[in-house]
Amino acid sequence: MKRIDWAEANAACEALSENEDSLTREIVTRLAEKWTLWTLAELAEANAPMRFSRILERVEGVSQKSLTRVLRQLERDGMVTRVVFAEVPPRVEYAITELALEMLELVHPLWRWAAANVGKFQAAQAGYDSRTTVGRMGKQIP
C-alpha cells in the first residue's frame, strides 16, 4: 500500500495562497456535508439531467430546503449545472459536471473501504461503548 508523502502534501498546501487555501478547506468541508455526496452520486448514476423532484425522491430523507441549498452550492462550485426551461410551469434540470465525476472517482474507493470494514467499525464501537457506559462498580462513566 502506498503511503502519503506528507512532505509533498504539505508543500502543495504551502504553495496555495491564503484565499486558495481557504477555498480548498471550504470545498472539502462542503463535500463532507450530509447530503452533498449522496446528491452527486444520484446525479452521476442517472447519467442524465434530473428534475429537482426526482432528485428529492432519490435522496431519501433530505428536505426540500436542504436539497435546494446543496444544489445551489454545488452549482456555484461547478459540480452541477442547472438549466431552466421557459415553460409553464418552469422546468429546471440539474446535471453533474466532469469536475464532480472526477471527484466521485476519488471518493468511491473510500466508500468501498468503509463498507468493507463496517464489521470492524461495529466491533470497535461496541467495545468502546461497553468500556465507557458502565464502569467496574456499575457506575455510569461519562
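Residues numbered from 1 in each chain as written. Predicted model: local features only at pLDDT ≥ 70, side-chain atom pairs only at ≥ 80, totals over all residues. Heavy atoms only, no water.

A word on the packing of helix α3 (residues 36-46) against helix α5 (residues 64-76). Orientation of α3 relative to α5, taken along the N-to-C sense of each, is 75°, at an axis distance of 10 Å. By the angle between their directions, the pair α3 and α5 is classed as roughly perpendicular. Residues T36, T39, L40 and L43 of α3 form the contact with α5, whose own contacting residues are L67, V70, L71 and L74. Its residues placed into classes, the contact of α3 with α5 shows six nonpolar, two polar and no charged. (Axes fitted to C-alpha atoms, helices over the stretch in contact; angles between N-to-C directions. Helix = DSSP H or I, 4+ residues; strand = E, 2+ residues; numbered from the N terminus. Parallel < 35°, antiparallel > 145°, perpendicular 65-115°, else oblique. Contact = heavy atoms within 4.5 Å. Nonpolar A, V, L, I, M, F, W, Y, C, P; charged D, E, K, R; others polar.)

Adjacent strands of a sheet form backbone hydrogen bonds with each other and so pair up, either parallel or antiparallel. Read from one edge to the other, the open sheet built from three strands follows the order β1-β3-β2, with strand pairing classed as antiparallel. Of all the strands in the sheet, the pair left with one neighbour each is β1 (50-51) and β2 (80-85). Judged from the six bridges that link them, β2 and strand β3 (residues 91-96) form a sheet pairing that is antiparallel. From the neighbouring strand, V84 faces β3, where its bridge partner is V92. (Pairing = 2+ DSSP bridges.)

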